[in-house]
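# Fold and contact review
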Amino acid sequence: MTNETGRGAMAETLIKVEDVSHVFPAPDGGGEVIALEGIDIEIGRGEMVSLIGPSGCGKSTLLNVIGGMIAPSQGAALIGGARVRGPRPKEVAYIFQESALLPWATILDNIKVSLEFQKAPRATRDQVAREALKAVGLDAFATSYPHQLSGGMKQRAALARALSLRTDVLLMDEPFAALDEQTRMIFSEDLSRLLANERKTILLVTHSLAEAVFLSDRIFVFTSRPGRIKAVLEVDEPHPRSPAFMTSPKFNDLRNRLYELLRDEVLAAIGKDRQGLA
Amino acid sequence: MSAASAAGQALTARLTPAQRRASALVKLSALALLLIVWHFVTVTEIVSPFFLPKPADVLRNFIRIVGSGQAWPDLKVTLFEFAIAGPIALVAGGLVGFLVSLTRYGARVFEPIISSVYAIPIIIFYPISVMALGIGPESKIAHGALFGFFPICLNTIQGFSRVDPLLIRLAHSTGASQRQLFWRIMLPAAAPTILSGVRLGLMLCFLAIIGGETIASIEGIGHRVVWYAEGMQTGNMFAYIVFVVLVAVIMNAALSLLEFRKGRS
Ligand SMILES: Nc1ncnc2c1ncn2[C@@H]1O[C@H](COP(=O)(O)OP(=O)(O)O)[C@@H](O)[C@H]1O
Ligand SMILES: [Mg+2]
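Reading guide: rules and limits
- Residues numbered from 1 in each chain as written.
- Chains lettered and ligands numbered in written order.
- Predicted model: local features only at pLDDT ≥ 70, side-chain atom pairs only at ≥ 80, totals over all residues.
- Heavy atoms only, no water.
- Pairing = 2+ DSSP bridges.
- Helix = DSSP H or I, 4+ residues; strand = E, 2+ residues; numbered from the N terminus.
- Contact = heavy atoms within 4.5 Å.
- Axes fitted to C-alpha atoms, helices over the stretch in contact; angles between N-to-C directions.
- Disulfide = S-S within 2.5 Å.
- Patch = residues over 30% accessible without salt bridge, like charges linked within 9 Å, V, L, I, M, F, W, Y side chains within 5 Å.
- Areas by Shrake-Rupley, 256 points an atom, 1.4 Å probe, with all protein chains shown as cover.
- Salt bridge = Lys/Arg side-chain N within 4 Å of Asp/Glu carboxyl O.
- Buried < 20%, exposed > 50% of the residue type's maximum accessible area, 1.4 Å probe, protein only.
- Buried area = accessible area lost by both parts, 1.4 Å probe.
- Polar contact = N/O pair within 3.5 Å; in protein donor to acceptor, adjacent residues only side chain to side chain.
- Nonpolar A, V, L, I, M, F, W, Y, C, P; charged D, E, K, R; others polar.

## A few points about the sheet that holds strand β4 (residues 74–79) of chain A
Strand pairing within a sheet occurs via backbone hydrogen bonds; the two strands may be parallel or antiparallel. Residues and elements named next belong to chain A. Pairing is antiparallel across the open sheet formed by four strands, whose spatial order is β2-β1-β4-β5. Edge strands, defined here as strands with exactly one partner in the open sheet, are β2 (32–44) and β5 (82–83). Across nine bridges, the pairing between strand β1 (residues 13–25) and β2 is antiparallel. Within β2, the residue paired with F24 across the bridge is V33. Sheet strands touched by helix α1 (residues 59–66): β1, β2 and β4. Its angle to β1, the strand with the most contacts, is close to 125 degrees.

## Observations concerning the state of the cysteines
Put plainly, two cysteines are in a disulfide when a covalent bond ties their sulfur atoms together. Applying the stated criterion across every chain yields a total of zero disulfides over all chains. With no disulfide of its own, C153(B) lies 15 Å from the sulfur of C205(B), the closest cysteine sulfur.

## A few points about a nonpolar patch on the surface
Residue and element names in this part refer to chain B. On the surface, I120, I123, I124, F125, I128, L146 and I215 cluster together into a nonpolar patch covering about 590 Å² of accessible area. Looking at the secondary structure, you find I123 in the loop between α5 (104–116) and α6 (126–133). In this structure I123 comes out as partly exposed when scored by relative accessible area, which is 36%.

## Focus: the interface of chain A and chain B
Taken together, the 23 residues of chain A in the interface contact 18 residues of chain B. Summing the contributions of chain A and of chain B, the shared interface buries around 1,900 Å²; its carbon and sulfur component is 63%. Counting the surface chain A buries against chain B, the share from its top three residues, F96(A), W104(A) and F117(A), is 39%. In this assembly, chain A and chain B are joined by one salt bridge. For E116(A), the salt bridge goes to R184(B), with nearest N and O atoms at 2.5 Å. At the boundary of chain A and chain B, one finds three residue pairs in polar contact (both at pLDDT 80 or more). For the side of chain A that touches chain B, the elements supplying multiple residues, two or more each, are β6 (92–95) and α2 (107–117) of chain A. The biggest single contributor to the side of chain A that touches chain B is α2(A), with four residues. Per-class residue counts for the side of chain A that touches chain B are 15 nonpolar, four polar and four charged.

So this is what it looks like as structure tokens:
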């Protein structure tokens, strides 16, 4: 076992996406929407990967294929060599754009319900839930209800819930999108620190170039729909990353390259929508 | 309807204690004003005491029918009818509502049909109940259950079909079974909407039973009002009207306890 940074160094492959394409029926009945086309990727255990691309290019769809929530029209996702055929609660945890907390339950109970669904041993649920809350700095809010928490705190609670499930894989679908700029900066720093110790394999969908560069080992840039992988950027920087990294020339350089790659695709996506309108 | 009751709930929930005291004061003053005007028009005989007896006389009659136990047999009949009709409305409305909500298609097709029933006066079906079931309790039970069914069924459909899909996705991703999904997610999420439908439905059921008793019956508190009216005994009639109003108010207060607690929601 190497116990250095762990992340970045391509260890064993944990997640494999093999030639995945997915087609949705169009919302108005006729025709279909090609969401993904020929996606082939491999993600190493402990790697932190971002997916970035124009809206509607299929990022969430890919996450859902890996999480077993969508069966792809073609190809397959594998986790640890086994083909994904449905939800994998012991291996994969989700964080969504919204916290998805049950409004009628306390924060602690919210976590315990997910542990119950996951069939975690009853005797340990309370302790596991409390530890997870402590890890995200919410231990004082265990008995609060979601509506008593700010948006940032709710997302922390969702993170605590995901961590408590002790899965190898964490799928994050725009987890910061509903937060304000300051909150999301602090959140991503905390996340970087937290995950440096956890050694989880993470897929993060984000629209923020800075977040992608700050958090990722690799960044997958998608084309506009149908989503294909246009480029892969590596960020060679150990975790946890300090705020100073964010002002370094290396950071700016990567961010600019990412911007160039994305610009054309976003314009293409907007163009397609305009055509659709005309 | 459920939206309206939710709005009403939000309105009262936002009242401070001082505002709530003020609101109670306004209600009491209105009641006092009504009594004063009533007393004034009867004492001065602007309105003939035959049509409208004095408040004091009504009160005396009221105390007599309640104190002597004269009203109990009628009340027992009405409550018996409600005790059968209410659960029928509850079970049928809840069950049909749940089944319809199971598929998006069902909800889309049946919700408008069931909603449109609000546009027709269900009371016109009462004669059919009487014809089929006679003027005894059976026709009131059928009528009350029919009235109560619709709000319960509609709110059950709405409650279940508007559960945040993200909560359902999260439950699936964490491995929830169908049973867990229902008991831990769907039911608690739908509960506030269902409960306000149940409250409204049971109240309508109770009122429909009393209404049925006034139209065609041989017993029950609604019937007794009409019986005294037909016997030209306005003193007793008004005493029974006050009694019916009081029973309805108590019933409404009891059913309010069903409303979802704020703060937990
Ligand atoms: N359940 C669905 N039914 C039909 N079309 C869908 C569905 N989910 C997503 N789509 C379509 O597939 C495309 C990709 O969606 P998504 O993966 O959510 O994109 P992203 O997350 O990159 O914004 C979009 O055009 C979207 O409209
Ligand atoms: Mg998305």
